[in-house]
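A structural walkthrough
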Amino acid sequence: MRRLRRYRNGRSAAVLSGGYAALVALLGVVSVVILLTVQDPILITGVILMVVTLPLGPLVWWAWDVVPLELRDPVLLIVILTVVGLLQAYVLWRLARGRALQG
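Figured I'd write up the structure that's included with this text.

Cut-offs used in this document
Residues numbered from 1 in each chain as written. Predicted model: local features only at pLDDT ≥ 70, side-chain atom pairs only at ≥ 80, totals over all residues. Heavy atoms only, no water. Helix = DSSP H or I, 4+ residues; strand = E, 2+ residues; numbered from the N terminus. Rg over C-alpha atoms; globule rule 2.2 N^0.38 Å. Buried < 20%, exposed > 50% of the residue type's maximum accessible area, 1.4 Å probe, protein only. Polar contact = N/O pair within 3.5 Å; in protein donor to acceptor, adjacent residues only side chain to side chain. Contact = heavy atoms within 4.5 Å. Core = buried A, V, L, I, M, F, W, Y, C linked by side-chain atoms within 4.5 Å.

**Focus on the overall build of the chain**
A count of helices and strands for the chain gives four helices and zero strands. For the chain, the C-alpha radius of gyration of 17 Å lies well beyond 13 Å, the compact-globule estimate for 103 residues. Oriented by its inertia axes, the alpha-carbon framework of the chain measures out at about 55 × 25 × 15 Å. Of all 103 residues assigned to the chain, the portion counted as buried reaches 31%.

**With respect to the side chain of Gln 88**
Here Gln 88 lies in helix 4 (residues 74–96). A polar contact is formed between the side chain of Gln 88 and the backbone nitrogen of Leu 56, at a distance of 3.2 Å. The contacts of Gln 88, once residues within four sequence positions are left out, are Tyr 20, Thr 53, Leu 54, Pro 55 and Leu 56.

**Some thoughts on the nonpolar core**
Counting residues in hydrophobic clusters, the biggest one holds 15 residues, and the most contacted among them are Leu 49, Val 60, Leu 77 and Leu 81. Secondary-structure elements contributing two or more residues to this core are helix 1 (10–37), helix 2 (44–52) and helix 4. Top contributing element to this core by residue count: helix 4, with six residues. Residue contacts for Val 60: discarding those within four places in its chain leaves Leu 77, Ile 80, Leu 81 and Val 84.

Listed below in structure tokens is the structure:
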């Protein structure tokens, strides 16, 4: 906690980005579990994950069409979307925390 006090908005930025990261991780885990356990999945959580990870999520989703058919694994797509979302949570924390305080 001491490190968070060194920034103007450290705690609130950590709560905001931590909540976003938790949402992304939850959607990713639920999507992978559904893909691995349901015989004919309708993956609404994957679509929600793509929307939550804006702006990079849709880019990953659309770039997935370039991948050859034999390499298109839906679990891999969900993992990539989750990693992109966690990367965005880190960037959100870096941007939201503000400037470092003096002393």
